[in-house]
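Overview (structure and organization)
Spelled out, the chains give:
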Amino acid sequence: MESLLQHFERFSEVLAVSRTTHVRTWDPATVRRALQWARYLRHVHRRFGRHVRIRMALERRLQNQWRLEGGSGSSPVPGLTNFQALERCDLLLSLRLLENRALGDAAYHYLLQELFPGPGVPDADPETLQGSLARLARRRSAVHLLRLSGYGENSVLEEDSVLKTQAELLLARLREVPKAEAEGPSRFLSILWERLPQNNFLRVIAAALLLPPSSPRPQEEELEPGTPKTLADGDQELVRWLLTKSDVMAAFCRNLPAGLLTSVAGRHPELSRVYLGLLADWARHLHYDLQKGIWIGTESQHVPWEELYGKFQSLCQAPPPLKDDVLAALESCKAKDGDFQVRGLSIWTDLLLALGCGS
Amino acid sequence: MAQDSVGFSSDYQFWMQKLSLWDQASTLETQKDTCLHLPRFQEFLRQMYEVLKEMDSNMIIERFPTIGQLLAKTCWNPYILAFDESQKILLWCLCCLINKEPQNSEELKLNSWTRGLLSHVLSAFKFDTKEVGLFIQGLGYAPADYYSGLLKNMVLSLVSELRENHLNGFNTQRRMAPEKIRFLSRVCVPLVTLPDIQPLVEALLTYHGHEPQEVLWPEFFDAVNEAFLLKKISLPTSAVICLWLRHLPSLEKATLHLFEKLISSERNFLRRIECFLKDSLLPEAACYPAIFRIVDEMFRYALLETDGAPEVLAAIQVFTWCFVEALEKQNKQLKFTLKTYFPYASPSLVMVLLQHPKDIPQKLWHQPLKHISEMLREIVEDQTHGSYGGPFECWFLFIHFGGWADIAAEQLVMSEAEPPEALLWLLAFSHSPRDRSQQRAQTMVEVKAVLSHLKKLLRSPTLSARDLQAAAAESQDRDLRPPSCQQLIRHLLLNFLLWAPGGHAIAREVITLMAPTDELSHEIAGFLDQTLYRWDRLCLEAPRSRKLARELLAELHAHIQ
């Protein structure tokens, strides 16, 4: 068992190094060793897949990795995140080495011989590296060809697919973050927020929150005793995190299109409450300009009337109970503000009038 | 070897030109051309790999100075990379160019360039925006994870668009344009054998638009059909039927493919024929009259070409069994009148033929037999019934349900009574449809004589092979009988052996006497196999007869082998 864990750690190091220029020092023998280790770990995965105890021991070790690497390494995620990852560790290693220009010619040549033995080799392994790599190339061309047909009218649908895939991957990762520490997922998400392009991240979060409840896992996994059955947990984690991060929530509600936000609010009532609260806050920053006859903000970062109106309009087109909640909130704000019927005195009155729901 | 390399060189030139052509313009024409050539190009790549792997990279450059261009153009062509195993073979070829120990700057450059291409093949068509790439990397995922998920989602969204399209009918806003659907079908041609694409293929096949003409590309149907026949793709039956209904050449190819299988399989194994037939999905598809008519036509053609070969007859019979079975299962969903399947036949005749003997008590079997015989006779002998086709059409219809003829023979042998005229006629007709009435009458007389002799033997306590031989040769010189009549009499004798109490003891001896040649052994084996198959279908209990038949069949097979 100890030797297995040692193997494991050594391989994780190798995996981390395989992306760096350090591989310049590697010779064919090093490559061979690295590939052998990867193959061995794959074999371990196959053999011990059903052995709960060994699996859990390995998983625990892996969780240590998260703690060590998270935040400090180039990626918040260690090379191998869980037991499942062992199944593809040789593919991961091979791809990294193939892309790494720093790898010497002799080592590279050896790598190619190992990865692409040619037609005559009997497939002892049903899933050979050669097959996986070829399939990867084929799938990429498939995506490209399908996209060729999509340009023009349906780029929206295509964009949706990209977002949906990222969302599925995000949720898959969230499932793997060790839950032992309650902070685990939140911390992970915070790190992602700091590091990744934020606009895209926000859209992915929205897509993740809108995925159908029984979203299938991107990689097949057998459910075993001991693994958290967290098919729906991923998006709960997201919601929890959003509720704690007011700056993210503000950016979320500001930058995303109104229709998207309405859908999210419809699915997640806790978020809809915060959303409405934010809208109310933003509304209060506007004042009425008598000369121009419109509501404007004093500073540039204040949300303009048009945007506010657009978001409320979208919310009022949502199905109940969201629609009813929104109207009730607007009415209550209008009442608290003095219950004016005339324009220009209370923003709530004006909003309700503009929405056509004023009484 | 010299010839090979000359051939290869000219191939090389040919493909070099083709690739340049495909490279320059990505028009409809070039795409079409590319798709048509994909399988051949893959073969060429294979050959090239065989040539390259024997040489080192310097030799390669010397021998094929333009190989860099060839490989680069290939790498940049998404259709080629998407097809079957081409990407794998291309990778092998590129590996051959890598130099283990580059000595000079030229070799270094070549290595670097080749590495770039290899990298490109594996990470081709980077379309991701930078943000997406950073996101995936940030999550610690590899492109492999992302692309398999992305492909699945794209396929799902295209499929739902196609389905919605179908449901939304006249809601023109949501409709997918026909050009886009056609483009999708074109793009699927190289991708047909990729499992991830299967839902899209299925959705395209079952898509029914509102355009008057076929919107899918014909090469798409070809590609799907090929892949289906070679078992490289698995599709639900309904999708395959859609394919055949929309594209006639595919149906014809599928039927020919079946015929080839039937010819090359061992003779005399009806159970195996049944497996092949069911596997091919043709009987089920034949529930659609259009498909049935075409397959039937091809069977008819095969029958005429082989001059009534027994294998073809057997195949037609089994096909009809399977077809009727499938039709019964369909029952509620498809309701076509019999006339649509057999337009040239009398409907009442078809109805009687379709009856399953299992549904009728055995002692009443003579009734439908008589009925069939009378109806057929009426059509055949009365020239004015032109609308129901001549004797051949009648006969062709009848042999679909050839089991009836075999039942008639059995009945004649087993019963003690005087053989009914109708049954004699039926037997004579089924073995020899082209006889004139005089010839047929003659046959009937001969058969009657043999039968009466056999009946006497039925009651005799001790039988000998010689007795049986005498029965067969009775009334006329055996050799003057036409071959179809001889065959008929042989079948009667075999029936007798199987059913008569004393038949078992002398069976082997009789058969040895009856079958001096291999051809005749085959015929007898065929008869036994067909009989056993029929008994299975009718759930006939006859343990002694079965046992004997099985043993004889096994012995004959051993002998023929």
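Being a predicted model, the structure only gives us computed values, none of them experimental.

Basis of the calculations
- Residues numbered from 1 in each chain as written.
- Chains lettered and ligands numbered in written order.
- Predicted model: local features only at pLDDT ≥ 70, side-chain atom pairs only at ≥ 80, totals over all residues.
- Heavy atoms only, no water.
- Helix = DSSP H or I, 4+ residues; strand = E, 2+ residues; numbered from the N terminus.
- Buried < 20%, exposed > 50% of the residue type's maximum accessible area, 1.4 Å probe, protein only.
- Contact = heavy atoms within 4.5 Å.
- Areas by Shrake-Rupley, 256 points an atom, 1.4 Å probe, with all protein chains shown as cover.
- pLDDT = per-residue confidence, 0-100.
- Core = buried A, V, L, I, M, F, W, Y, C linked by side-chain atoms within 4.5 Å.
- Domains from an automatic or database assignment.
- Buried area = accessible area lost by both parts, 1.4 Å probe.
- Salt bridge = Lys/Arg side-chain N within 4 Å of Asp/Glu carboxyl O.
- Polar contact = N/O pair within 3.5 Å; in protein donor to acceptor, adjacent residues only side chain to side chain.
- Nonpolar A, V, L, I, M, F, W, Y, C, P; charged D, E, K, R; others polar.
- Axes fitted to C-alpha atoms, helices over the stretch in contact; angles between N-to-C directions.
- Parallel < 35°, antiparallel > 145°, perpendicular 65-115°, else oblique.
- Phe/Tyr/Trp six-rings, centres within 6.5 Å; stacked < 30°, edge-to-face > 60°.
- Lys NZ or Arg CZ within 6 Å of the ring centre and 35° of its normal.
- Pairing = 2+ DSSP bridges.
- Patch = residues over 30% accessible without salt bridge, like charges linked within 9 Å, V, L, I, M, F, W, Y side chains within 5 Å.
- Arc of directions from axis to C-beta.
- Disulfide = S-S within 2.5 Å.

A word on the overall build of chain A. When helices and strands are tallied, chain A shows 16 helices and two strands. Across the 359 residues in chain A, those meeting the buried criterion constitute 50%. Taking all contacts inside chain A whose residues are at least 6 apart in sequence as the whole, residues at least 24 apart take part in 68%. Carbon together with sulfur atoms contributes 53% to the accessible area of chain A, which is approximately 17100 Å² in total.

A separate point is the confidence of the model for chain A. Segments scoring low in pLDDT should not have their predicted coordinates read at a detailed level. For chain A, per-residue confidence averages 81 on the pLDDT scale, and 82% of positions sit at 70 or higher. Every residue in residues 218-231 of chain A is under pLDDT 50, and counting partners more than four places away or in other chains gives 24 contacts.

Now for the environment of B:Gln439. Secondary-structure assignment places B:Gln439 in helix α25 (residues 437-459). The spacing of B:Gln439 and B:Pro482 is 43 residues in sequence and 9.7 Å in space, taken between C-alpha atoms.

Turning our eyes to something else, we now look at the nonpolar core. One finds A:Leu146, A:Phe252, A:Phe312, B:Ile197, B:Leu200, B:Phe220 and B:Trp244 to be the most contacted residues of the largest nonpolar core, which totals 225 residues. In terms of residues, this core owes the most to one element, helix α18 (residues 310-330) of chain B, which gives ten residues. When residues are assigned to domains, this core turns out to be shared by domain 2 (126-214 + 226-256) and domain 3 (273-354) of chain A, each giving three or more. Beyond its immediate sequence surroundings of up to four residues, A:Phe252 is in contact with A:Leu202, A:Ile205, A:Ala206, A:Leu209, A:Leu261 and A:Val264. In this structure, A:Ile54, A:Ala102, B:Leu91 and B:Ala144 belong to the second largest nonpolar core, which totals 80 residues.

The next subject is the interface of chain B and chain A. Between chain B and chain A, the contact holds 70 residues from the first and 62 residues from the second. Both faces considered, chain B and chain A share a buried interface measuring about 6200 Å² in area, 65% of it formed by carbon and sulfur atoms. It is B:Arg115, B:Leu122 and B:Phe135 in chain B that bury the most area against chain A; as a group they hold 13% of the surface buried on that side. Put simply, chain B and chain A have four salt bridges between them. Here B:Asp145 makes a salt bridge to A:Arg88, at a shortest N to O gap of 2.8 Å. On the surface where chain B and chain A come into contact, there are 17 residue pairs in polar contact (both at pLDDT 80 or more). Those elements that place two or more of their residues in the side of chain B that touches chain A are α2 (28-52), α5 (78-82), α6 (86-97), α7 (105-122), α8 (130-138), α9 (143-168) and α10 (178-191) of chain B. Sorting elements by how many residues they give to the side of chain B that touches chain A places α9(B) first, with 17 residues. Of the residues assigned to the side of chain B that touches chain A, the class counts are 43 nonpolar, 15 polar and twelve charged.

This part is about the packing of helix α27 (residues 483-499) of chain B against helix α28 (residues 503-514) of chain B. Residues and elements named next belong to chain B. Orientation of α27 relative to α28, taken along the N-to-C sense of each, is 155 degrees, at an axis distance of 8 Å. When the axis of α27 is compared with that of α28, the two are roughly antiparallel. Counting all contacts with α27, which are made through Arg-490, Leu-493, Leu-494, Leu-497 and Leu-498, the residues of α28 involved are Gly-503, His-504, Ile-506, Ala-507, Val-510, Ile-511 and Met-514. Its residues placed into classes, the contact of α27 with α28 shows nine nonpolar, two polar and one charged.

Evaluation of the coordinates by the stated rule reveals 31 aromatic pairs over all chains. Between B:Phe41 and B:Phe44, the aromatic rings sit 6.0 Å apart at their centres with planes inclined by 35 degrees, giving tilted as the arrangement. On the criterion of helical spacing, the pair formed by B:Phe41 and B:Phe44 is a turn pair, its members being three residues apart in helix α2. For B:Phe44, a relative accessible area of 2% gives the class buried. Here a set of aromatic residues connected by ring pairs shows up, and it is made of B:Phe259, B:Phe292, B:Phe299, B:Phe319, B:Phe323, B:Phe336, B:Tyr341, B:Phe342 and B:Phe401. One Lys or Arg, A:Arg173, reaches over the ring of B:Tyr141 and ends 3.9 Å from the middle of that ring. Of note, B:Arg186 hangs over the ring of B:Trp217, and the distance from its end group to the ring centre comes to 5.4 Å.

In this section: the pairing of strand β1 (residues 286-289) of chain A. Look at any regular strand and the pattern is simple: side chains alternate between the two faces of the sheet. Residues and elements named next belong to chain A. Note: β1 against strand β2 (residues 294-297), four bridges, orientation antiparallel. By the bridge assignment, Tyr-288 is partnered in β2 with Trp-295. Connecting β1 to the next strand, β2, in antiparallel fashion are four residues, including Gly-293 with a positive phi near 80 degrees.

A separate point is unusual backbone geometry. The step from A:Pro320 to A:Pro321 runs through a cis peptide bond, and the omega angle for that step is 5 degrees. Despite not being glycine, B:Asp84 shows a phi value in the positive range, around 40 degrees. Counting through the fold element by element, B:Asp84 comes out in the loop between α5 and α6. On the accessibility criterion, B:Asp84 (19% relative accessible area) is buried. Unlike most non-glycine residues, B:Leu281 shows phi in positive territory, near 70 degrees. Inspection of the secondary structure puts B:Leu281 in the loop between α15 (270-280) and α16 (282-285).

Looking now at a nonpolar patch on the surface. Residues A:Phe340, A:Val342 and A:Leu345 make up a contiguous nonpolar surface patch of about 280 Å² in total accessible area. By the element assignment, A:Leu345 lies in the loop between α15 (322-336) and α16 (347-355).

All names here are of chain A. All of the buried residues along helix α11 (residues 246-255) are Val-248, Met-249, Phe-252 and Cys-253. For α11, the arc enclosing every buried residue in end-on projection is 125 degrees, short of the 170-degree limit, so these residues lie on one face. Against α8 (184-195), α9 (198-210), α10 (233-244), α12 (258-267), α13 (269-284) and α14 (305-316) lie the buried residues of α11.

Right, let's get into the pattern of salt bridges. For the coordinates displayed, the defined rule picks out 37 salt bridges over all chains. The shortest N-O distance in the salt bridge between A:Arg284 and A:Asp281 comes to 3.3 Å. Of the two residues, A:Arg284 and A:Asp281 both sit in helix α13, three residues apart, roughly one turn of that helix. A:Asp281 sits in the partly exposed class, given a relative accessible area of 39%. One salt bridge in this structure joins B:Glu85 and B:Lys88, with 3.4 Å as the shortest N-O distance.

This next bit is on the side chain of B:His504. Within the secondary structure layout, B:His504 lies in helix α28. B:His504 has contacts with B:Leu497, B:Leu498, B:Arg544, B:Ser545 and B:Leu548, leaving out every residue within four places of it along the chain.

A few words now on the confidence of the model for chain B. Averaged over every residue, the pLDDT of chain B is 85; residues scoring 70 or more account for 92%. For this predicted complex, the interface score ipTM comes out at 0.84, while the overall pTM is 0.84.

According to the stated counting rule, one finds zero disulfides over all chains in the structure shown. In this model A:Cys253 remains outside any disulfide bridge; the closest cysteine sulfur is found in A:Cys333, 16 Å from its own. Free cysteine: B:Cys287, not disulfide-bonded; nearest cysteine sulfur from B:Cys322 at 11 Å.

Residue and element names in this part refer to chain B. Within the secondary structure, Glu-421 sits in helix α24 (residues 421-431). Overall, the relative accessible area of 45% leaves Glu-421 in the partly exposed class. Sequence separation between Glu-421 and Val-445 is 24 residues; the distance between their C-alpha atoms is 9.9 Å. The contacts of Glu-421, once residues within four sequence positions are left out, are Arg-377 and Met-444.

All names here are of chain B. Assignment of secondary structure puts Glu-274 in helix α15. By relative accessible area, Glu-274 is classed as buried at 9%. A distance of 2.6 Å separates a polar atom in the side chain of Glu-274 from a polar atom in the side chain of Tyr-533.

In an α-helix, one turn spans 3.6 residues, which is why side chains three or four residues apart end up on the same side. Residues and elements named next belong to chain B. What α15 keeps buried is the set Leu-270, Ile-273, Glu-274, Leu-277 and Ser-280. One side of α15 holds all its buried residues, which, seen down the axis, span an arc of 130 degrees. Where α15 is buried, its residues contact α12 (218-229), α13 (237-246), α14 (248-264), α16, α18 and α29 (518-538). With its phi angle positive at about 70 degrees, Leu-281 sits one or two positions after the end of α15.

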